[in-house]
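What follows is the residue order along each chain.
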Amino acid sequence: MHKSSATHDSTQAYWQQSIGNGMLGCRLQTKARKHLQAQQWGLAVKDYATALEVADTMLQAPHTQKFAIERYLRTALELIYAMRKYKPNTDLGELIETVKQRLQPLLAPVPAEVVIAPLIDVAFSPIDDVDDWIQMLFNYELSGQTLPH
């Protein structure tokens, strides 16, 4: 019975860690979004990069993987946007490739290229179009509506 109790304790601690990381990621992403709104691009990049690292740690937990993948992709998308605003000539190809390589084993049999297509759009579309799209994305989120596909 002692073994069962120890297993329960470690499982509970693991869940709390995942929840803690999720909350930390949300806080960092919210903070980064506030920096975006204030056009403090460098601060937004810093917070998004940290939020992406937190999201990456969440990818390792099978029970939260679907949520973690969504969080990871969304954070990467917003990081790419912030980087374009902060340093417009930054080569974002390496970051996109890193995201692709990180997610590919988790997405099989779906090709990672399909899932990361929005990241490529944000990285390489005209910035005025991306500004409008990101603003629409945030507005939908604030209104509680689901995004059109």
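Residues numbered from 1 in each chain as written. Predicted model: local features only at pLDDT ≥ 70, side-chain atom pairs only at ≥ 80, totals over all residues. Heavy atoms only, no water.

### Comments concerning the overall build of the protein chain
At step 1: Looking only at helices and strands, one finds seven helices and zero strands in the protein chain.
At step 2: What you see in the protein chain, going N to C, is helices and strands ordered as α-α-α-α-α-α-α.
At step 3: Across the 149 residues that make up the protein chain, the buried fraction comes to 38%.
At step 4: Across the protein chain, contacts joining residues at least 24 apart in sequence account for 65% of those joining residues at least 6 apart.
At step 5: When the accessible surface of the protein chain is totalled, it reaches about 9,200 Å², and 58% of it is carbon and sulfur. (Helix = DSSP H or I, 4+ residues; strand = E, 2+ residues; numbered from the N terminus. Buried < 20%, exposed > 50% of the residue type's maximum accessible area, 1.4 Å probe, protein only. Contact = heavy atoms within 4.5 Å. Areas by Shrake-Rupley, 256 points an atom, 1.4 Å probe, with all protein chains shown as cover.)

### Thoughts on the confidence of the model for the protein chain
At step 1: Taken over all residues, the pLDDT of the protein chain has a mean of 85, while the share at 70 or more is 82%.
At step 2: When mean pLDDT is compared element by element in the protein chain, helix 6 (residues 117–124) scores highest at 97, while helix 1 (residues 2–37) scores lowest at 64.
At step 3: Under a pLDDT of 50 for its full length, residues 1–17 has, in the predicted model, five contacts with residues more than four places off or in other chains. (pLDDT = per-residue confidence, 0-100.)

### Here's the deal with helix 3 (residues 65–86)
At step 1: Taking 1.5 Å as the rise per residue, helix 3 with 22 residues should run 32 Å; its terminal C-alpha atoms sit 30 Å apart, in good agreement.
At step 2: A large share of helix 3 lies buried, amounting to 16 of its 22 residues. (Expected span 1.5 Å × (residues − 1).)

### Structural notes on the environment of glutamine 40
At step 1: Here glutamine 40 lies in the loop between helix 1 and helix 2 (41–58).
At step 2: Sequence spacing of glutamine 40 and alanine 82 is 42 residues, and the spatial spacing of their C-alpha atoms is 9.1 Å.

### A few points about the side chain of glutamine 29
At step 1: As for its position among the elements, glutamine 29 is in helix 1.
At step 2: Each residue touching glutamine 29, except ones within four places of it in the same chain, is listed here: Tyr48, Ala51, Arg71, Arg74, Thr75 and Glu78.

### Quick word on the nonpolar core
At step 1: With 36 residues, the main nonpolar core has Leu36, Tyr48, Ile80, Val99 and Leu103 as its most contacted residues.
At step 2: Looking at this core, the elements with two or more residues in it are helix 1, helix 2, helix 3, helix 4 (93–107), helix 6 and helix 7 (127–143).
At step 3: Looking at this core element by element, the count peaks at eleven residues for helix 3. (Core = buried A, V, L, I, M, F, W, Y, C linked by side-chain atoms within 4.5 Å.)

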